[in-house]
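Here are the chains, one letter per residue:
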Amino acid sequence: MSVFVLGSINLDAVARVDDLPRPGETVAGLSLELFPGGKGANQAVAAARLGAPTRLMGAVGKEDAGPGLKTKLSEYGVQVGDVLELPSVPTGQAHVWVASSGENMIVVTSGANAAITPQHVAATSLDGQRILLSQLESPAHAIETLFRAGAAKGALRMLNAAPALPQGAALFPLTDILILNQTELATYAKLDQEPVRLEEVSRASRKLMSRPDQVVIVTLGAAGVACIRRDEAFLIEGRKVKALDTTGAGDCFCGALAACLSINMDLREAVEMANAAAALSVQKSGAAPSMPSKREVEAFLEG
Ligand code: ADP
């Protein structure tokens, strides 16, 4: 059974500098690296690396980095036949500046990602797709169309409501499994402080539910993952690892969870596996290149 991801595809351009520039200032970069990025692409790579046949739907520019990004994603095992190449539109980009102090500044331009429409989604066949997974870097109306079509086919709809956006909440009633980090949970549940203890996380998560069968999963960084259902809440503790680069940890978790659920794994077991996959991903730098394979995750869990 397979995973269908509707999501963003970006070119991440990471420049290292001694000090971040002030407004109006020009500084010399020390290095420049280009990576495939975007939450949709990262999550699709994570699901594919965990062994699930994975289709990605999204849009890139036709005349710039877009076609090369598609090739790269297919090398990671992602099926990119539903990725549109649009003329006269730039591919989405993230411009990241990292200072030697570790501080960073990031500008994300959505470019082609914003051009996906409900009509594009409606024209795609979802036959045989067990899991639908999306994030809020794609237009909410397109996600709504996907989730409504998926419900009619009995698919499991997973939403990683990141970044936290007001229009995201309208999708919650159409979602079966909602995945958030603590900051996003605090924003949607309108809390002044990030919830930390399981009780607080559960209370805040339940505010976002509108159906008794919904699940809310809250990632807690190094502390692990909280899983909340109407009558149950449990914590899967974070794996003790030495974190090198946590970029894409949440994306790894979401993609890995989708892959595990696509083979009908029990929810607790799937969360444990995704928690282990995400812990492995923080030990390597970059997002897509750090996604572990199924064999690596199984060996880590056994070891
Ligand atoms: P996001 O990247 O969206 O902010 P988190 O920081 O909550 O999300 O990380 C997502 C998941 O990645 C966590 O729930 C955990 O499974 C794993 N993770 C993140 N940081 C660490 C860490 N330092 N050690 C072990 N696991 C981690």
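Predicted model, so just to flag it, every value in this text is computed and none were measured. Residue positions are given per chain, counting from 1 as you read along its sequence in written order. Whole-chain, interface and lining totals are the exception, using all residues; otherwise, since this is a predicted model, local features are given only for residues with pLDDT of at least 70 and side-chain atom pairs are given and counted only at 80 or more. With hydrogens and water excluded, all non-hydrogen atoms of the structure serve as input to the side-chain values.

1. Things to note about the state of the cysteines
Moving on, step 1. Pairs of cysteine sulfur atoms within 2.5 Å are what we label disulfides. Per the counting criterion, the structure on display carries zero disulfides.
Moving on, step 2. Of the cysteine sulfurs around Cys252, a residue in no disulfide, the closest is that of Cys254, at 9.2 Å.
Moving on, step 3. For every residue, the accessible area obtained with a 1.4 Å probe (protein chains only) is divided by the maximum for its type, and the residue is called buried under 20%, exposed over 50%, and partly exposed between those limits. Judged by its relative accessible area of 2%, Cys254 is buried.

2. Here's the deal with the sheet that holds strand β6 (residues 92-99)
Moving on, step 1. Two strands are said to pair when DSSP picks up at least two bridges between them. In this text, helices come from DSSP runs of H or I with a minimum length of four residues, and strands from runs of E with a minimum of two, each type numbered from the N-terminal end. With respect to topology, four strands assemble into an open sheet ordered β3-β2-β6-β7, the strand pairing being mixed. Looking along the sheet, the strands with just one partner apiece sit at the ends: β3 (31-37) and β7 (104-109). Strand-to-strand, the axes of this sheet are offset by a mean angle of 15°, without reference to chain direction.
Moving on, step 2. As defined by bridge partners, strand β2 (residues 10-17) adjoins β3 across seven bridges and the pair is classed as antiparallel. When the bridges of β3 are listed, Leu11 appears paired with Pro36. Working convention: axes come from line fits to C-alpha atoms, limited for helices to the stretch in contact. Angles between N-to-C directions cover 0 to 180 degrees.

3. Digging into the site of the ligand
Moving on, step 1. A cutoff of 4 Å decides nearness: a residue is near a molecule or strand if any of its heavy atoms lies inside that distance of it. Close to the ligand lie 16 residues; Asn181, Thr219, Gly221, Gly224 and Asn275 are nearest.
Moving on, step 2. Think of a polar contact as two N or O atoms within 3.5 Å of one another; within protein, one of them needs to be a possible hydrogen donor and the other a possible acceptor, and neighboring residues in sequence only count if both atoms come from side chains. A distance of 2.8 Å separates an oxygen atom of the ligand from a polar side-chain atom of Thr219.
Moving on, step 3. Residue Asn275 places a side-chain N or O atom 2.7 Å away from an oxygen atom belonging to the ligand.
Moving on, step 4. All accessible areas in this document rest on Shrake-Rupley with a 1.4 Å probe, and a residue is counted as covered only by the protein chains that are shown. The protein chains hide 81% of the 560 Å² of surface that the ligand would expose on its own.
Moving on, step 5. Among the elements of the structure, β12 (224-229), α7 (249-262) and α8 (267-281) are those that each provide at least two residues to the shell around the ligand.
Moving on, step 6. By residue number, the principal contributor to the shell around the ligand is α8, which donates three residues.
Moving on, step 7. For the shell around the ligand, a count of residues per class yields nine nonpolar, six polar and one charged. Following the grouping adopted for this structure description, the nonpolar residues are Ala, Val, Leu, Ile, Met, Phe, Trp, Tyr, Cys and Pro, the charged ones are Asp, Glu, Lys and Arg, and the polar ones are all others, Gly among them.

4. Things to note about the side chain of Ser8
Moving on, step 1. Structurally, the position occupied by Ser8 is in the loop between β1 (2-6) and β2.
Moving on, step 2. In this structure Ser8 comes out as buried when scored by relative accessible area, which is 1%.
Moving on, step 3. In this analysis, two residues are considered to be in contact whenever any of their non-hydrogen atoms come within 4.5 Å of each other. Sequence-distant contacts of Ser8, that is, excluding residues within four places in its chain, are made with Gly37, Gly38, Lys39, Gly40, Ala41, Asn113, Gln135, Glu137 and Ser138.

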